[in-house]
Amino acid sequence: MSRAQTDNTYGTVILVGAGPGDPDLLTLKAARLLGQADAVVYDRLISADVLSLINSNAEKVYAGKGRNRHSMPQDEINETLLSLAKTHELVVRLKGGDPFTFGRGGEEAEFLIARGVSVEVVPGITSAAGAGASLGLPLTHRGLATGVRYVTGTCRKGEELVLDWASLADPDTTLIVYMGLANFGTIAENLIKAGLDPKTPAAAIENATTKSERLCVATLATLKAEVTRHEFHPPTLIIVGRVVDVVDQLKFATGKYVAEFEELLDDAALP
Ligand SMILES: C[S@@+](CC[C@H](N)C(=O)[O-])C[C@H]1O[C@@H](n2cnc3c(N)ncnc32)[C@H](O)[C@@H]1O
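Since the structure is predicted, the reported quantities are computational estimates derived from the model, not experimental observations. (Residues numbered from 1 in each chain as written. Predicted model: local features only at pLDDT ≥ 70, side-chain atom pairs only at ≥ 80, totals over all residues. Heavy atoms only, no water.)

Secondary structure assignment for the protein yields ten helices and twelve strands. For the protein, the proportion of its 271 residues judged to be buried stands at 51%. Long-range pairs, those at least 24 residues apart, make up 70% of the contacts in the protein with a sequence separation of at least 6. If you sum the accessible surface of the protein, you get close to 13,100 Å²; carbon and sulfur atoms cover 52% of it. (Helix = DSSP H or I, 4+ residues; strand = E, 2+ residues; numbered from the N terminus. Buried < 20%, exposed > 50% of the residue type's maximum accessible area, 1.4 Å probe, protein only. Contact = heavy atoms within 4.5 Å. Areas by Shrake-Rupley, 256 points an atom, 1.4 Å probe, with all protein chains shown as cover.)

Turning our attention to the site of the ligand. Taken together, the neighbourhood of the ligand is formed by 17 residues, with Pro20, Thr101, Thr126, Ser127 and Thr236 sitting nearest. Here Met179 contributes a backbone N or O atom positioned 2.8 Å from an oxygen atom of the ligand. In the model, an oxygen atom of the ligand is placed 2.7 Å from a nitrogen or oxygen of the Thr236 main chain. Across the complex, the protein chains shield 89% of the 570 Å² of accessible surface that the ligand would expose by itself. (Near = heavy atom within 4 Å. Polar contact = N/O pair within 3.5 Å; in protein donor to acceptor, adjacent residues only side chain to side chain.)

One open sheet accounts for five strands, arranged E8-E9-E12-E10-E11; its pairing is mixed. The sheet is open, and its two edges are formed by strand E8 (147-152) and strand E11 (214-219), each paired on a single side. For this sheet, the mean inter-axis angle between neighbouring strands, taken without regard to orientation, is 20°. In this sheet, strand E12 (residues 236-240) lies alongside strand E10 (residues 201-206) in antiparallel orientation, the contact comprising five bridges. Its bridge partner lying in E12, Glu206 is registered against Thr236. (Pairing = 2+ DSSP bridges. Axes fitted to C-alpha atoms, helices over the stretch in contact; angles between N-to-C directions.)

On to the pattern of salt bridges, then. All told, the structure shown has seven salt bridges when counted by the stated rule. Between Glu107 and Arg104 there is a salt bridge; the shortest N-O distance is 2.9 Å. The partly exposed category is assigned to Glu107, whose relative accessible area is 38%. Arg104 gets classed as partly exposed once you look at its relative accessible area, which sits at 35%. (Salt bridge = Lys/Arg side-chain N within 4 Å of Asp/Glu carboxyl O.)

Considering all chains together, one arrives at three aromatic pairs under this definition. Judged by centre distance (5.5 Å) and plane angle (55°), the rings of Tyr42 and Tyr62 are tilted. Highlighted residues: Tyr42 in strand E2 (residues 39-42) and Tyr62 in strand E3 (residues 59-62), separated in sequence by 20 residues. For Tyr42, a relative accessible area of 17% corresponds to the buried category. By the ring-pair criterion, three or more aromatic residues cluster together here, those being Phe102, Tyr150 and Tyr178. (Phe/Tyr/Trp six-rings, centres within 6.5 Å; stacked < 30°, edge-to-face > 60°.)

The pLDDT averaged across the protein works out to 89; a share of 86% of its residues lies at or above 70. Below a pLDDT of 50 lies the segment residues 258-271, which in the model reaches 33 contacts outside its immediate sequence neighbourhood of four places, other chains included. (pLDDT = per-residue confidence, 0-100.)

Pairing within the open sheet is parallel, and its five strands lie in the order E3-E2-E6-E1-E7. With partners counted over all chains shown, the strands left at the sheet margins are E3 and strand E7 (118-122), one partner each. Here the strands of the sheet are splayed against their neighbours by 20° on average, with no regard to which way each runs. Strands in contact with helix H1 (residues 28-36) are strand E1 (12-17), strand E6 (90-95) and E7; relative to E6, the strand with the most contacts, it is inclined by about 130°.

What follows is the structure in structure tokens.
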């Protein structure tokens, strides 16, 4: 529903997680809101199947971003949400995965709340959970990983990637790197320098949960070369840790593999 432009109050903005790609992984609440929204601002990673759930009368605004290719700067996205909230009752800000996991959802919420806009959040399945389920790769597993850490593998152009390498080089924890494809060579080097075994299993999953999902299994030391050789592109998630061995057991014959991993099978130390 449209709002009067002269009214000083705002409609509601709901940050909605679209999940990792497969539309069946959308929450019921997300699907309902897409059918009810008066305006939807959506990102690059949202699949066409999910976009098809938006009601045909809604105003649709593309706010897609790519690495070093900001088609709409964050300030402009914030201002767009504010101005849509001025003229529409229900504005959905649709974000890939979960809005509060490397999605800048927190920044958007802060901006809007500071201006008196009411904001709600609908969580989505983050790509790490989607990838794990799709590949049969548990992120934690008794005897292999007692915890899981999510980190970003990106940094501002020209800046050094600063992460706590010593604490990340933990063989008992699964490390999930979002946005880490371009910098994975540096990431692997730093983890190895900090003491993580270069033979630690590592996987890259491109377009997880979609029809074009691809998986590359290698080791910490070799994954960068393998993903380069097989021309992996974003969105790709990287998983480092002993749980990657489990994928061999559970999904051996899927045909999704693009790298050799016999060496890993030989080394597998499953309980
Ligand atoms: C800006 S972050 C957004 C993360 C998102 N909010 C989430 O919860 O998954 C984008 C990164 O998420 C990861 N990603 C998102 N969707 C993915 C998918 N379907 N397959 C693999 N990685 C994905 C990639 O690492 C990508 O570079």
